[in-house]
Every structure is written in structure tokens, then in C-alpha cells.
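The primary structure of each chain is shown beneath.
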Amino acid sequence: MATWEVAFSLDPALETPLFLQIARGIADAIRTGRLRPGDKLPGTRRLADTLAVHRNTVIAAYDELVAEGWLVSRQTGGTYVSAAMPDVTPRPLTEGSQRSLLAAAPPAPPTTLGYALADLPPDRPYPQRPKDLPPGTLNLGGTDADLRLVPVEALGRAYRRALVVAGPALLGGGDPRGHLALREALSEMLAATRGLTAGPEGMILTRGSQMALYLVAKALLGPGDVVAVEQLGYRPAWESLAHTGARLIPVPIDAQGMDLDALEALAERETLRAVYLTPHHHYPTTVTLHPGRRLRLLALARARGIAVIEDDYDNEFHYEGRPVLPLAASDTAGVVVYAGTLSKILAPGLRQGFVVGPPPLIRRLARHRVSLDLQGDQAVEAALAALINEREVQRHALRMRRIYQARRDHLVARLRADLPGALAFSPPAGGMAIWCRVADGIDAEAWAERALARGVSVATASRFDFDGRALPFFRLGFAGLAEPELSEAVARLAATS
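Given the structure is predicted, the values throughout are model-derived calculations rather than measurements.

Counting across every chain of the model gives nine aromatic pairs. When the ring of Tyr338 is compared with that of Phe354, the centres are 6.5 Å apart and the planes differ by 35 degrees; the resulting orientation is tilted. Of the two residues, Tyr338 sits in strand β11 (residues 336-341) while Phe354 sits in strand β12 (residues 353-356), which places them 16 residues apart along the sequence. For Tyr338, a relative accessible area of 0% corresponds to the buried category. For the pair Trp435 and Phe473, a centre-to-centre distance of 5.2 Å together with 15 degrees between the ring planes defines the contact as stacked. Of this pair, Trp435 sits in strand β14 (residues 433-438) while Phe473 is found in strand β17 (residues 473-477), placing the two residues 38 residues apart along the sequence. Each member of the pair Trp435 and Phe473 is classed as buried. Grouping aromatic residues by their ring pairs yields a cluster made of Tyr234, Tyr283, Tyr313, Trp435, Phe464 and Phe473. Above the ring of Tyr80, the side-chain terminus of Arg74 is found at 3.8 Å from the ring centroid.

Structure follows, in C-alpha cells:
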């Protein structure tokens, strides 16, 4: 066997330790074919003398390569290139190419796949969600809570206390339905505020409402199933439903919510498996489903065995009139699947959603959850349970309701003062945004582009339309901006009208 010639140099000035430089140099020799499976390497003392390093440095390099599977150490003595190495085609060596892998640029990542991907549902002709906004942009298009108002100190105390009291138990495995303490606390809160009496056995906790909708879709739908959705609506929910292979059919929306005449006509033509809607504050228009339509929807679902997926994403924020209870509060036939979230009360980063329904549904959701995520973050769930039991969450929701109502009123006043005639709207009774009609003769999409260049972002109707059509509407969110920011945002919007 020919003697292997060391063909790399070491650079003590590099931040990379010498033993790793040696290891990568030997690996490079194997990759290029200068060292082949079964070849014996020099003894550690001889290689240390050749490289002018301490023998322990070479021993560490050999140990690293043995651990990675490049080399094997035999009991009979000596270190060899592993015979189990993958087939490495030698690459030609040119002058100057014999160098440590660390001194060379890493190989470019592959840009093609060596395997097949499963099919996705057909692409929809609507735009994706907006990209990150430039720094300094005032976002009137957002509908998240104002994260500056989150009670982080109370949350931090609750989290630390949960870990101190029950750390080992919280850091281990748990129930895929979620921590029992939070299911109990949420059940009591929902019974008191939303008329839902399912109890902890009728609830599963999820990482946000998006996981909730995904699990519901997996449990209810299959390829070809027909689902009615709102013509203007929430795209991420549509995507979760469509990923099952279901066929989504949009139903018109008017000032009283989903058009039940159109839905009933659809049910005559198609075998409806489910209806997905946001009846409390329709997303994006904020209208509330009319009481008569609510009764007709429940009756239709009972008669035809249709699942009603109720997405109640911002129930806490109703400012005027009597509170509107969810559809699920009137469901006696087990047809409503209720999905909610704590993101609007607290913060989306907490990723805390939930589904309420009959126990057989919850058990099926738990089975799907195990294959996807096993369980939630028990420490966070325990902390949130403590905040609910201490009524911190409820007090925070009341504070936010007052603040958001004031912000709604402020935005209404600024729009009427700065943009008279350009936008028509009715102040919403609840929610976190205002739905505005753009005046005739104004291109809403072009206006939105001009406004973004001026530092204010608005959401146009194409973001919510099932077919991605450019319609003359804006959705202007007020929850995430303080009143001075809202004034400045409207001023920038007016300057580009």
C-alpha cells in the first residue's frame, strides 16, 4: 500500500481548533479519493511530527473522525478509513486544491430534490399573505393585539411559579388534549362568558387557532368533500381545509353575514360536509351573523348532518349592544365545532388555541395531534391556567376592550375628518378593524401601493376574496396602534388618496 502523503496545511490563526482542521483535512482526502476505504492512516505520533503539533491534537482529530464514521480503530492496531463509507467519486485535484475543507467554501446546497413530494391542492388565484413591512411603517392592515400592552410581568411570574411548583412534571410527557388545569380554567371562563358548558373533557388545547383548524380539517374531511366557506374570509383556514383534498365553495356575504338562501341552495346541489364561518365578527367585514340566519344555519346542519366549524377569533371585543353568544352555545345536536384562541387577548406568540366539541370529536383530534405534535407546552399552559384562575386574563381582556374601543372611536373620527368622501363605513360594534368601501373612481390597490410608499400599510379586499379579485374595500385595523399612531397613519393615507 502506498504511503499517504499529507496534502494540507494548518493555520493557527483560524478560530477553528487545530484538531478540527486536521479532521477536515483527512475527510477532504477521503472525499477526493486520495484515501480510500480500508487505507491505513499514519500513526498519531508520526502524523503529529509531520504537522508539528502535539500528539493529543492528532488523537482528538482521529477520535472526531471515528465518531463521525469516517475512520475505524481496530483492536489489532492502527486507524483505517471506514469500509462502510458511502461511494465517493474522486474529484480531480489541481494545483492549490489540496487544502483543508475548513479553508474552502462549503458546497452549495442542492437546489433540486432527489425524491418526489406528495401533491398539494391546486394553487389558488389569490395572493399570499403580505411580506414583512419596511421599518417605520404604520400597519393599519394588521389585526393583532397590541403586544406593548401584554402583561408580561404577570405572565413571567406565573411561568416561573409553575416551574418551581411542578417543574419536573411540566417538563415531561403530557396529555395530547392539553394540561388539565388550563382545560378546566378555560372551561369555566367559557361557561361564564360564552355560554359553553362542555367541560374539560370536551376541549383540546392547540398551538394557536391555526393548528386547531388543521386538526379539525383532518378529523372531518377527506378528498372530494365539499365545504362551504365565506366569499370574503380567512385564507389560512381555507388552506388548512383544502390540504385535506376537500373542495371549497364560496358563499356570498352581506350586511347580515353569510347568505343563508345561497347556502341552502348550495346544500340542495351538493352534499355538504362542513361549513366554515366567523359568525361573531365576520372576517374581514366584522358584521355579525343575523339571529334568524343563525337559527336557519343550525337547523340546516341538524337536518343534513353538516359540521359547522365556528371560528370565534375575537369574542372578547364587542363594544356595543348585548354580547352575542357563539353558535355553539345554542347547539343541542352536536353539529358545531367551536375553535377559539387566546391570541387576541394576550399575544399570538403564546400559540394558545383550543377546540370545544363533543368528547368523540375531541378524542379524534387528540389522535391526530399525537401524530403531529404529541402535546403542547405544559409549562405555558400551567402558567395561563394560573392567570385565568387569578382573573388576570379576564381583567386584561376588560382593559383591552376599553382601550380598543377608544382606538376604534379615534380612528373613526380621524377617517371622517381627513378622508371625507373617500371612504364609506359604519363603525363596527366589535372586532379590531373597520371595513371601508373605497369611493368610486379610486383604485384601491393603487392607493394601497402609494400609501405603503408613504409608510402606512392597509389591507385591500384582494387579500380576503376567495378568487383574489381586486374589490373597492380596505380593512383598517386599529387595535395594534396607539391613538397618535392612528392619527399619523390616517394623515399618511390621506396624503396619498
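What follows picks up the thread again.
Adjacent strands of a sheet pair through backbone hydrogen bonds, lying either parallel or antiparallel. The strand order β4-β12-β11-β10-β9-β5-β6 describes an open sheet built from seven strands, whose pairing is mixed. Strands at the two margins of the open sheet, each flanked by one partner only, are β4 (203-206) and β6 (247-251). If you compare each strand with its neighbour and ignore which way they point, the axes differ by 20 degrees on average. Pairing analysis gives five bridges linking strand β5 (residues 226-230) to β6, with the strands arranged parallel. Pairing of Glu230 across the sheet is with Val251, part of β6. Along the sheet face, helix α10 (residues 359-372) touches β4, β11 and β12 and points at about 30 degrees away from the line of β4.

The next subject is the pairing of strand β10 (residues 307-311). The buried fraction of β10 is high, at five of five residues. Of the two faces of β10, the one holding Ala307, Ile309 and Asp311 and the one holding Val308 and Glu310 are both buried throughout. Across four bridges, strand β9 (residues 272-277) lies against β10 in parallel orientation. Pairing of Ala274 across the sheet is with Ala307, part of β10. In terms of handedness, the path from β9 via helix α9 (residues 291-304) over to β10 forms a crossover that is right-handed. Direction of pairing for β10 relative to β11: parallel, over a ladder of four bridges. When the sheet's bridge partners are listed, Val308 is paired in β11 with Val336.

This next bit is on the layout of surface pockets. Over the atoms a probe the size of a water molecule is rolled, and this reveals where empty space is left. Roughly 1,000 Å³ of volume is contained in the largest pocket. Listing elements by their share of the lining of the largest pocket, those giving two or more residues are α6 (208-220) and α7 (235-242). With three residues, α6 is the single largest residue contributor to the lining of the largest pocket. Class assignment of the residues belonging to the lining of the largest pocket gives a composition of 12 nonpolar, 13 polar and 10 charged. In this model, the second largest pocket occupies a volume close to 500 Å³. Along the walls of the second largest pocket sit 26 residues, with Thr193, Asn315, Glu316, Leu398 and Arg401 positioned nearest its centre.

Conventions used here
Residues numbered from 1 in each chain as written. Predicted model: local features only at pLDDT ≥ 70, side-chain atom pairs only at ≥ 80, totals over all residues. Heavy atoms only, no water. Phe/Tyr/Trp six-rings, centres within 6.5 Å; stacked < 30°, edge-to-face > 60°. Helix = DSSP H or I, 4+ residues; strand = E, 2+ residues; numbered from the N terminus. Buried < 20%, exposed > 50% of the residue type's maximum accessible area, 1.4 Å probe, protein only. Lys NZ or Arg CZ within 6 Å of the ring centre and 35° of its normal. Pairing = 2+ DSSP bridges. Axes fitted to C-alpha atoms, helices over the stretch in contact; angles between N-to-C directions. Contact = heavy atoms within 4.5 Å. Right-handed = clockwise from strand over helix to strand, strands pointing away. 1 Å grid on protein atoms, 1.4 Å probe; cavity = no way out; pocket = protein on both sides within 12 Å on 5 of 7 lines; lining within 4 Å. Points joined across faces, edges and corners; volume = space filled by probe spheres on them. Nonpolar A, V, L, I, M, F, W, Y, C, P; charged D, E, K, R; others polar.

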